[in-house]
Amino acid sequence: MLDLAIIGGGPAGLAAGLYATRGGIKNVVMFEKGMPGGQITSSSEMENYPGVPQVVDGITFMAPWTEQCTRFGLKIEMENAVRVEKVGSHFVVHFEGGKSVEAKAVIVATGSKPKRAGVKGEDEYFGRGVSTCATCDGFFYKGKEVAVLGGGDTALEEAQYLANICSKVYLIHRRDEFRAAPSTVERAKKCDKIEFVLNAVVDEILGDASGVTGVKVSLKDGSSRQINVPGIFTFVGLNVQNGVLKDDAGNSICELTPGGNVKVNHKMQTSLPGLFAAGDLREDSPKQVVCAASDGAIAALSVIDYLREHA
Ligand code: FAD
Ligand code: NAP
């Protein structure tokens with residue numbers, strides 16, 4: 001039986017792995033369904049982690065985290081966890097394909113993933129001109145015009161990244177105020193390759209057999225506009241990934257908020273003893289790498305106490 005199973009290998013899971021192994025927990029495995037690093041690896045720039053003044057892309061930023069954890073004994077397995085179950089005083093983590101493991105404690109750090117905007121044509125052309133990752137797909141539009149949808153930090157930052165590659169970026173947002181940090185908005189406004197299309201709702205993403213050909217938007221004044229672009233990047237927020245916490249009947253094994261985030265106390269304990277949650281997944285998460293890492297560290301330290309008390 002594992003002493004600790006960590007589900008998810010983003011900043012929260014990796015920080016938990018570091019603090020758990022370095023804190024003396026012997027048998028710790030982190031399960032990650034893709035590559036460790038989490039959603040920040042889709043970011044083109046990371047500039048607000050304290051102590052790291054140079055601006056780097058998310059993949060470069062996260063690369064040393066895994067190496068640091070494994071040095072202290074964290075084992076990493078590439079598995080997609082589908083369900084966590086408490087059986088008596090321990091947990092069983094079930095994986096896609098039927099495998100399962102037993103663990104004395106579990107930290108869930110499965111984060112969140114990009115939402116779909118729900119626009120006509122979005123699903124049809126997803127991967128054929130519709131993208132949620134500028135770092136991954138921006139290069140395909142080198143020297144071309146693209147559209148970006150959204151008014152949060154991600155949209156405003158990634159619009160600037162795309163402006164370095166593309167000939168023009170149409171930033172389409174449904175309001176004329178932004179969720180993004182004011183300094184990020186100011187920088188984007190100073191970029192002469194970004195045209196702001198505000199108070200604008202995308203009615204349809206247009207395309208043909210080759211993929212996206214444009215977007216049709218309705219403006220607040222009642223007019224409409226067609227913007228001809230071969231690509232649109234949608235950055236309209238995130239969905240929490242809490243599926244592992246649902247039983248076969250769809251009921252959650254610990255308390256969740258109405259939005260699906262996990263309720264935790266200041267020790268990252270959920271309502272189910274031995275089960276901890278950290279990072280973007282938890283209630284009131286500030287959705288920052290530094291905060292996810294902090295949550296992971298706190299959760300691991302709490303697990304050390306929990307295992308001592310339940311030895
Ligand atoms: P995540 O990073 O989402 O990691 C969760 C991990 O769990 C993923 O690797 C996922 O594959 C894995 N996983 C999920 N479900 C399962 C499962 N069932 N089984 C196994 N593994 C699973 N924050 C900043 O501080 N500064 C920034 O500049 C910044 N820029 C950003 C730019 C973009 C484009 C995005 C999308 C986010 C940005 N953020 C930024 C936010 C930051 O990335 C997140 O707050 C942070 O990554 C959350 O970490 P996490 O570990 O909680 O979750
Ligand atoms: P977000 O802050 O939730 O912003 C989503 C944006 O998309 C909002 O402007 C929203 O409009 C718009 N939107 C939502 N649904 C839409 C729809 N169906 N159609 C059109 N527009 C829609 O999401 P995010 O930008 O991905 O950021 C997520 C979290 O990560 C935030 O907490 C953010 O601060 C953090 N983050 C931080 C950094 C950083 O620190 N540098 C970078 C990236 C992300 P309204 O504003 O009108 O609701």
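Treat the numbers as computed from the prediction; the structure is a model and nothing was measured. (Residues numbered from 1 in each chain as written. Chains lettered and ligands numbered in written order. Predicted model: local features only at pLDDT ≥ 70, side-chain atom pairs only at ≥ 80, totals over all residues. Heavy atoms only, no water.)

## Some thoughts on the site of ligand 2
Turning to step 1, where the next piece is worked out: Close contacts around ligand 2 come from 18 residues, with Asp153, Thr154, Glu157, Arg175 and Arg179 the closest.
Turning to step 2, where the next piece is worked out: One nitrogen or oxygen atom from the main chain of Ala117 is found 3.0 Å from a nitrogen atom belonging to ligand 2.
Turning to step 3, where the next piece is worked out: Interatomic distance of 3.0 Å between a backbone N/O atom of Gly151 and an oxygen atom of ligand 2.
Turning to step 4, where the next piece is worked out: When ligand 2 sits alone it has 920 Å² of accessible area, and the protein chains cover 76% of it.
Turning to step 5, where the next piece is worked out: Here the shell around ligand 2 is built from residues that sort into 4 nonpolar, 8 polar and 6 charged. (Near = heavy atom within 4 Å. Polar contact = N/O pair within 3.5 Å; in protein donor to acceptor, adjacent residues only side chain to side chain. Areas by Shrake-Rupley, 256 points an atom, 1.4 Å probe, with all protein chains shown as cover. Nonpolar A, V, L, I, M, F, W, Y, C, P; charged D, E, K, R; others polar.)

## Structural notes on the side chain of His90
Turning to step 1, where the next piece is worked out: With respect to the helices and strands, His90 occurs in strand S5 (residues 90-95).
Turning to step 2, where the next piece is worked out: Leaving out residues up to four positions away in the same chain, His90 has contacts with Met1, Glu85, Glu102 and Ala103. (Helix = DSSP H or I, 4+ residues; strand = E, 2+ residues; numbered from the N terminus. Contact = heavy atoms within 4.5 Å.)

## Looking at the UniProt feature "domain: FAD/NAD(P)-binding" (unreviewed entry) in the chain
Turning to step 1, where the next piece is worked out: Within the UniProt annotation, "domain: FAD/NAD(P)-binding" (unreviewed entry) is assigned to residues 3-296.
Turning to step 2, where the next piece is worked out: Across residues 3-296, helical content stands at 20% and strand content at 29%; the span's end C-alpha atoms are separated by 16 Å. (UniProt positions renumbered as here; feature names shortened; annotations may be inferred.)

## Let's talk about the site of ligand 1
Turning to step 1, where the next piece is worked out: Around ligand 1, a shell composed of 33 residues is seen, among which Glu32, Gln39, Ala81, Asp280 and Val289 lie nearest.
Turning to step 2, where the next piece is worked out: Asn48 has a polar side-chain atom sitting 2.9 Å from a nitrogen atom of ligand 1.
Turning to step 3, where the next piece is worked out: When the free accessible area of ligand 1 is taken as 1,000 Å², the share hidden by the protein chains comes to 92%.
Turning to step 4, where the next piece is worked out: Elements that contribute at least two residues to the shell around ligand 1 include exactly helix H1 (11-22), strand S2 (28-32) and helix H6 (289-309).
Turning to step 5, where the next piece is worked out: Here the shell around ligand 1 is composed, by residue class, of 11 nonpolar, 16 polar and 6 charged.

## Overview of the nonpolar core
Turning to step 1, where the next piece is worked out: Formed by 59 residues in total, the largest nonpolar core has its most connected members in Leu4, Val106, Ile107 and Leu275.
Turning to step 2, where the next piece is worked out: In terms of residue count, the dominant contributor to this core is H6 (9 residues).
Turning to step 3, where the next piece is worked out: With 20 residues, the next largest nonpolar core counts Tyr141, Leu162, Ala163 and Phe235 among its residues. (Core = buried A, V, L, I, M, F, W, Y, C linked by side-chain atoms within 4.5 Å. Buried < 20%, exposed > 50% of the residue type's maximum accessible area, 1.4 Å probe, protein only.)

## Regarding the sheet that holds strand S12 (residues 200-208)
Hydrogen bonds between backbone atoms are what pair the strands of a sheet, whose relative direction is either parallel or antiparallel.
Turning to step 1, where the next piece is worked out: Strands sit in the order S12-S13-S14 across an open sheet of 3 strands; the sheet is antiparallel. Each of the sheet's edge strands pairs with one partner strand only, and the pair in question is S12 and strand S14 (224-227). Along the sheet, successive strands turn relative to each other by an average axial angle of 20°, direction set aside.
Turning to step 2, where the next piece is worked out: Direction of pairing for strand S13 (residues 211-219) relative to S14: antiparallel, over a ladder of 4 bridges. Pairing of Lys216 across the sheet is with Gln226, part of S14. (Pairing = 2+ DSSP bridges. Axes fitted to C-alpha atoms, helices over the stretch in contact; angles between N-to-C directions.)

## Some remarks on helix H5 (residues 182-190)
Turning to step 1, where the next piece is worked out: Residues of H5 that are buried: Thr184, Val185 and Ala188. For H5, the angular spread of the buried residues around the axis is 100°, confining them to a single face. Opposite the packed face of H5, turned more than 90 degrees from it, sit the exposed residues Pro182 and Lys190.
Turning to step 2, where the next piece is worked out: Of the surrounding secondary structure, the elements contacted by the buried residues of H5 are helix H4 (153-163) and strand S11 (194-197). (Arc of directions from axis to C-beta.)

## What to know about the pairing of S5
Turning to step 1, where the next piece is worked out: Most of S5 is tucked away: 6 of the 6 residues are buried.
Turning to step 2, where the next piece is worked out: Because side chains alternate across S5, one face comprises the buried residues His90, Val92 and His94, and the other comprises Phe91, Val93 and Phe95, equally buried.
Turning to step 3, where the next piece is worked out: Looking at chain direction, strand S4 (residues 81-87) and S5 are connected through 6 bridges and run antiparallel. Its bridge partner lying in S5, Ala81 is registered against Phe95.

## Notes on the domain arrangement of the chain
Turning to step 1, where the next piece is worked out: Per the domain assignment, the segments making up the chain are domain 1 (2-114 + 238-309) and domain 2 (130-234).
Turning to step 2, where the next piece is worked out: Computed from C-alpha atoms alone, the centre-to-centre distance between domain 1 and domain 2 is 32 Å.
Turning to step 3, where the next piece is worked out: In this assembly, 6 residues from domain 1 lie in contact with 7 residues from domain 2.
Turning to step 4, where the next piece is worked out: Of the roughly 580 Å² buried at the junction of domain 1 and domain 2 (both faces included), carbon and sulfur atoms supply 43%.
Turning to step 5, where the next piece is worked out: For the pair domain 1 and domain 2, the interface holds 1 salt bridge.
Turning to step 6, where the next piece is worked out: Taking the shortest distance from any N to any O, the salt bridge between Glu47 and Arg187 comes out at 3.0 Å. (Domains from an automatic or database assignment. Buried area = accessible area lost by both parts, 1.4 Å probe. Salt bridge = Lys/Arg side-chain N within 4 Å of Asp/Glu carboxyl O.)

## Describing the packing of aromatic side chains
Turning to step 1, where the next piece is worked out: For the structure on display, the rule yields 8 aromatic pairs.
Turning to step 2, where the next piece is worked out: Arranged with centres 5.7 Å apart and planes meeting at 85°, the rings of Tyr141 and Phe233 form a pair that is edge-to-face. With Tyr141 in the loop between helix H3 (134-137) and strand S9 (145-149) and Phe233 in strand S15 (residues 232-234), this pair connects stretches of sequence that are 92 residues apart.
Turning to step 3, where the next piece is worked out: The class for Phe233 is buried, based on a relative accessible area of 0%.
Turning to step 4, where the next piece is worked out: If you follow Lys99 out to its NZ or CZ, it ends over the ring of Phe95, 5.8 Å from the centre. (Phe/Tyr/Trp six-rings, centres within 6.5 Å; stacked < 30°, edge-to-face > 60°. Lys NZ or Arg CZ within 6 Å of the ring centre and 35° of its normal.)

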